[in-house]
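Spelled out from the first residue to the last, the chains are:
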Amino acid sequence: MSQKLKIAFYWAASCGGCEIAVLDINEKILDVVKIADIVFWPVAMDVKYKDVENMPDKYIDITFFNGSIRNSEQEHMAKLLRKKSKTLVAFGSCAHEGCIPGLANLNNRDEIFEQVYVKDKSNVNPKAVMPKTTTTVKEGTLKIPEFYDTVKTLGQTVDVDYYLPGCPPPVKLISNAIDAIAQGKLPPKGSVLAPLKAVCDECPRKRDNKKITKIYRVHEKAPDPDRCLMEQGIICMGFATRSGCGAQCLNVDMPCTGCGGATPNQPEVGAGMITALASILGIDKEPGQYTDEDVEKLMNQIKDPVGTFYMYSLPASILKRKVMKK
Amino acid sequence: MKEIVIDPITRLEGHGNVSIFLNDKGEVENAYLKIPELRGFEKFCIGRRAELMPQLTTRICGVCPVAHHFASVKALDAAFNVEPPSAAKKLRELMNCGYYIYDHTLHFYYLGGPDFIVGPDAPAEKRNILGVIEKAGLDVAKEVIKHRAYGQKITAIIGGKATHPVCAIPGGISKALSEENRQEIETLAKSSVEFAKFTLKIFHDLVLGNSKYLDLIKSDAYTMNTYYMGTVDAKNKVNFYDGKVRVVDPSGKEFLKFEPKDYLKHVGEHVEEWTYSKFPYLKKIGWKGFAYGPDSGVYRVGPLGRLNASDGMATPLAQAEYEVMYKTLGKPVHGTLAFHWARLIELLYAAERAVELAKDPEITSTNIRNKPGTPGEGIGIVEAARGTLIHHYTLDKDAMVKDVNMIVATTNNYPAICMSIRDAAKGLIHGGKVDQGILNKVEMAFRAYDPCFGCATHFAVGQMPLTVEVFDSNKQRIQTLQR
Ligand code: SF4
Ligand code: SF4
Ligand code: SF4
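All residue numbers refer to positions counted from 1 along the written sequence of the respective chain. Labels follow written order: the first chain is A, the first ligand is 1, and so on. pLDDT decides what is reported in this predicted model: residues at 70 or higher carry local features, side-chain atom pairs at 80 or more are listed and counted, and totals for whole chains, interfaces and linings draw on all residues regardless.

Things to note about the overall build of chain B
Comment: elements are numbered from the N terminus, with helices defined as DSSP H or I runs of at least four residues and strands as E runs of at least two. When its secondary structure is counted, chain B shows 16 helices and 16 strands. Think of it this way: build a C-beta for each residue from its backbone, and any pair within 7 Å is a contact. Put simply, of all contacts in chain B between residues at least 6 apart along the chain, 71% involve residues at least 24 apart.

Some words on the site of ligand 3
Taken together, 13 residues lie near ligand 3, and C245(A), C249(A), C256(A), C259(A) and G260(A) sit nearest. Residues are counted as near a molecule or strand when the C-beta atom, derived from backbone positions, lies within 6 Å of that molecule or strand. The environment around ligand 3 is built from residues contributed by chains A and B. With 3 residues, helix α9 (residues 248-251) of chain A is the single largest residue contributor to the shell around ligand 3. Classification convention: Asp, Glu, Lys, Arg as charged; Ala, Val, Leu, Ile, Met, Phe, Trp, Tyr, Cys, Pro as nonpolar; all other residues, Gly among them, as polar. Looking at the shell around ligand 3, its residues break down into 7 nonpolar, 5 polar and 1 charged.

Quick look at the interface of chain B and chain A
Contact with chain B, which involves 81 residues of that partner, is made by 71 residues of chain A. Mapped by element, the contributors of at least two residues to the side of chain B that touches chain A are β2 (17-22), β3 (28-34), α1 (41-44), α2 (53-56), α7 (138-159), β9 (267-270) and β14 (401-407) of chain B. Tallied by class, the residues present in the side of chain B that touches chain A amount to 33 nonpolar, 25 polar and 23 charged.

Things to note about the site of ligand 2
In the vicinity of ligand 2, 15 residues are found, and the nearest of them are C200(A), C203(A), C228(A), C236(A) and G238(A). Split by residue class, the shell around ligand 2 holds 12 nonpolar, 1 polar and 2 charged.

A look at the sheet that holds β14(B)
Residue and element names in this part refer to chain B. In this description, strands pair whenever DSSP reports at least two bridges between them. Spatially, 3 strands are ordered β12-β13-β14 in an open sheet, and the strand pairing comes out antiparallel. In this open sheet, the two strands that pair with only one neighbour each are β12 (377-384) and β14. Mean inter-strand twist for the sheet, computed between neighbouring axes without regard to direction, equals 15°. Every axis in this analysis is a line fitted to C-alpha atoms, fitted for helices over the stretch in contact. Angles between the N-to-C directions lie between 0 and 180 degrees.

Observations concerning unusual backbone geometry
In this model, C167(A) is joined to P168(A) through a cis peptide bond whose omega is -10°. Mapping P168(A) onto the fold places it in the loop between β9 (162-164) and α7 (171-182). Going from K331(B) to P332(B), the amide bond is cis rather than trans, its omega being -5°. By the element assignment, P332(B) lies in the loop between α12 (316-329) and α13 (339-359).

Notes on the pairing of strand β1 (residues 5-11) of chain A
Residues and elements named next belong to chain A. A residue is called partly exposed when the number of other C-beta atoms within 10 Å of its own lies between 12 and 20, exposed at 12 or fewer, and buried at 20 or more, with C-beta atoms placed from the backbone. Most of β1 sits inside the fold, with 5 of its 7 residues counted as buried. Bridging between β1 and strand β2 (residues 36-40) involves 4 bridges; their strand directions are parallel. Of the residues in β2, the one forming a bridge with K6 is D37. Examined bridge by bridge, β1 and strand β3 (residues 60-66) share 5 bridges and lie parallel to one another. From the neighbouring strand, F9 faces β3, where its bridge partner is F64.

A few points about the confidence of the model for chain B
Residue and element names in this part refer to chain B. The score called pLDDT rates the predictor's confidence residue by residue, from a low of 0 to a high of 100. On average, residues of chain B score 87 in pLDDT, and 89% of them are at 70 or above. Note on residues 453-472: pLDDT is under 50 here. Beyond four places in sequence and across chains, it has 118 contacts. When the criterion is pLDDT under 50, residues 476-483 qualifies, and its contacts beyond four places in sequence or with other chains add up to 23 contacts. Two numbers describe this predicted complex: its pTM, 0.92, and its ipTM, 0.92.

See the structure below:
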């Protein structure tokens, strides 16, 4: 490579786990440094924010952006980095589909504030004080960003070129992406940088195409370590979830909860899971032909279907919000 | 009145924004650390399946998911009225040690340590992990990368995934440890003991060997006498996974010792309008605003809080170093920068304890889960790297979550961090003179806490460089500093 690539990392509404995932590539970071200059990485380097604004458009070759969009500041950074980057990668489930913090879309801002600042058991707040964007204190005025009512994915905010799924993305997928970048072999724009297969395809557990009649929760049953969890009645999202993680949750006898996002042939994880469950629960009809009764019977067995099937993808899903009150 | 805004703070896991107000003489009048976001876990976890809580709450923080994972499952153990088998508890504790090895290493070398190793006056672009490598050498860097990864590896073996582990279930843990994995963990842990010793040596040589740094640690700008909180075992030794919560007063005398289930009697949270985070305090004393000393309910947690609140460490090498620290600085230590030293003593303890647990014959037992009872209410407390972490859930009869309360590690320190920033600013900024070096020293005051504001408000982590705006009394911006 004649010229070094310019790479940036940024975090918006993120738990920090995606940043840790970058550190988890360990020695591989030395390969990255060989092919690229890191021009912006707030968590690890003291950087000049103004320098980003002063960069010419498309100055950065690739920006890895993790976290979702929850306030005005993050929206600003998403737009700025989009403008300054040739390629923008939505890194991790939050940027990709909204992830667990995206479950906040089940409630609106007022409900969240009420719980956090008033109802929480340890609060001592008789006057029901709540944060405000502008507060006057005796020395002057204090401002904090507005708390958006809705969690948005990166793709709902700006144009995204690639998606690296996972919460956080598995190290293997990150290093594959780095290799593809180094060799100039990135797939077509819009691709998800993960295998096309489902987690089930990476899972060593034995499947016998057994039907189930009862659903168990993880604390209710110690599963047989060699057999498919789904066929033992424990809901496992491996059917409908994109692989790449090496079925790591299954390594410790826990079901896949779907952090890898939907498999390519499904519009979304939830829809895929309902189809899969219908078949394993013995509703032998073509998807799309279930009666309301069929679906209801099935759903009755599942506690909190939204939180289960859309644990990582509510903001991106066709459900969007349960209720959009404001 | 002039206003200086530090927005946001670099190299800390989270996102804070500091406003410093100067009076007409250019002296610091007050400082505010604002937390700009909230995520609402306490709300959206309601209605979810109880057994998912240990996984849902890990997403509060990707730096300390292990602590959330276990505080959460301990709350569930209590809510389901089930005692996990002893092997399960030991496996949880072992994984927690792996997390401390990784997290304390991360902080010392990547986040807070650069201030000391490279130096507080070094140019900003050098005060980072790359600067540390330059100063300490590539061999050191390799050891650092290796052992941070070892900590993660221990977590991944037991937890399935290092970041956002999945192994915790009410009544135990999902999988037993194989003999092969046990051996591997023992090797990683033994190597980590050597690494912790070596890190302490670096600290002694570079920091304690330099009287300038020692003076800085002891200086007024970085000193604050508060209450201290931490979890201790039956002998009042520091324990990360289990025990009673002990609080000592500013003179070091035991003030409280309580069972996790009684936390609401002792800890309250105060709300202010100008920030999304809350301010915990000791109820017995009350919220007296941003004040310290015995009459203010403000307490501190985290490495220094735990060491101050304890009578020692349960492993020999860490205990020896504990004695050195208190011999050097007196007990309790009120110097905020001593958090760094305390953190390294804990790194050593975590590694030593991991070796003990890995060698425990029971650790590979397959008796790792007990059957949960009827769902109800439960409280779980563990020590996260950054301090005491409390999860409290109420479940309905179908074991669905009905109510959630959490007091997260860094939040406990939030009142103290605000004051540390204010005091450092007061001690360092005079006559309206503000430059990068001074601002970094102000930042050092809170970097010492290793604050993780992602945790503090269960809000989103986000970080941008430092912006300082100076306003004159007519609110005209007269100066902007950025880096
Ligand atoms: S995708 Fe997961 S690891 Fe990444 S920021 Fe979101 S919650 Fe954290
Ligand atoms: S459903 Fe789950 S347990 Fe079964 S094969 Fe797929 S990933 Fe494995
Ligand atoms: S098994 Fe499922 S939940 Fe676990 S890491 Fe893989 S995709 Fe994510």
